[in-house]
Amino acid sequence: MKIPIYLMPGLAAGPEIFENLSLSKEKYEIHYLKWKKPLDLNESISNYAMRMCEDVKKENPVLVGVSFGGILVQEMSKFLDCKKIIIISSVKTTDELPKRFKVANFGNLYKLFPTKIITHFEDFSRFFIGKTLQKRAMIYKKYLSERNETYLKWAIKNVLKWQQHEGIENMIHIHGVEDKIFPISNIKNAIEIENGTHIMILNKAKKISKIIDKSLTF
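In this report, we go over the structure that sits alongside the text. (Residues numbered from 1 in each chain as written. Predicted model: local features only at pLDDT ≥ 70, side-chain atom pairs only at ≥ 80, totals over all residues. Heavy atoms only, no water.)

## Some words on the overall build of the chain
Phase 1 of the analysis: For the chain, the count of helices and strands is nine helices and six strands.
Phase 2 of the analysis: Taking all 218 residues of the chain together, the buried fraction comes to 50%.
Phase 3 of the analysis: Here the contacts in the chain between residues at least 6 apart in sequence split such that 66% fall between residues at least 24 apart. (Helix = DSSP H or I, 4+ residues; strand = E, 2+ residues; numbered from the N terminus. Buried < 20%, exposed > 50% of the residue type's maximum accessible area, 1.4 Å probe, protein only. Contact = heavy atoms within 4.5 Å.)

See the structure below:
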């Protein structure tokens, strides 16, 4: 019997970020989750997670989440009987968030985040000068598909205000040593990926696939 795996992308990203994963179709039944529009800016992450659980149709699933998607699958697991939770480039507790996130939350600075840069990315990307920035702009344009402004404001607010002081059980954490968003210095008990950055789901997918497969093989 195939193991159902539900993949949750990161903030503003769509299922395309998982295109380089190589998981056996004979062993696993892969399902892709997509971000929903929040009911409003004040919807709790718990209520949002409960609504996301409506898209999980299989029993005893494996939930895999990247970045903010990793936070969300942890919240979803509180309403589901999961076989395992796997988070990638994410955090297990509030304590693993970098200090700058806590400062932004304390001062409500998240309200100042220029969401229009993402919602109107094509307009801004023409100002990216140099091959490196242009290449990065192409990556962002392809993978940042969720650009609803209400969703973006809600998501940024809930990353910064997330409260979880103890990691949940039955969870695997895969993290890049070169992650600049969630620095490895704050992360505990994770499987480390050398040279892995915050977007390593794109360029370290082969290694990540092997770790996922190994963690689900008994």
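## Remarks on the nonpolar core
Phase 1 of the analysis: Among the nonpolar cores identified, the biggest contains 34 residues, and F68, L72 and M76 are the most heavily contacted of them.
Phase 2 of the analysis: Counting residues per element, this core draws most heavily on helix 7 (residues 149-161), at seven residues.
Phase 3 of the analysis: Those residues in contact with F68 that lie beyond four places of it in its chain are L11, W35, I45, W154, A155, N158 and V159.
Phase 4 of the analysis: If you look at the next biggest cluster of nonpolar residues, it comprises 25 residues, including I17, A205, I211 and I212. (Core = buried A, V, L, I, M, F, W, Y, C linked by side-chain atoms within 4.5 Å.)

## Brief notes about the environment of R51
Phase 1 of the analysis: Structurally, the position occupied by R51 is in helix 1 (residues 45-52).
Phase 2 of the analysis: A sequence separation of 15 residues divides R51 from K36, and the C-alpha atoms of the two residues are 8.7 Å apart.
Phase 3 of the analysis: Excluding anything up to four places from it in sequence, R51 contacts K36, K37, P38, L39 and E43.
Phase 4 of the analysis: A polar contact is formed between the side chain of R51 and the side chain of E43, at a distance of 2.9 Å. (Polar contact = N/O pair within 3.5 Å; in protein donor to acceptor, adjacent residues only side chain to side chain.)

## A look at the packing of aromatic side chains
Phase 1 of the analysis: Throughout the structure, instances matching the rule amount to five aromatic pairs.
Phase 2 of the analysis: Between the aromatic rings of W35 and Y151, the centroid separation amounts to 5.4 Å while the plane-to-plane angle is 45 degrees, which identifies the pairing as tilted. Of the two residues, W35 is situated in the loop between strand 2 (28-32) and helix 1 and Y151 in helix 7; the sequence distance between them amounts to 116 residues.
Phase 3 of the analysis: The class for Y151 is buried, based on a relative accessible area of 3%.
Phase 4 of the analysis: Ring pairing ties together the aromatic residues W35, Y48, F68, Y151 and W154, which thus form one cluster. (Phe/Tyr/Trp six-rings, centres within 6.5 Å; stacked < 30°, edge-to-face > 60°.)

## So, the pattern of salt bridges
Phase 1 of the analysis: What the rule picks out here adds up to eight salt bridges.
Phase 2 of the analysis: A salt bridge links E29 to K58; the shortest N-O distance between them is 3.5 Å. Separated by 29 residues along the polypeptide, E29 in strand 2 and K58 in the loop between helix 1 and strand 3 (62-66) bring together distant segments of the chain.
Phase 3 of the analysis: Among the residues examined, E29 registers a relative accessible area of 25% and is labelled partly exposed.
Phase 4 of the analysis: In this structure K58 comes out as partly exposed when scored by relative accessible area, which is 38%.
Phase 5 of the analysis: Across the pair K92 and E96 runs a salt bridge whose closest N-O atoms are separated by 2.9 Å.
Phase 6 of the analysis: Taking relative accessible area as the criterion, E96 reaches 4% and is therefore assigned buried. (Salt bridge = Lys/Arg side-chain N within 4 Å of Asp/Glu carboxyl O.)

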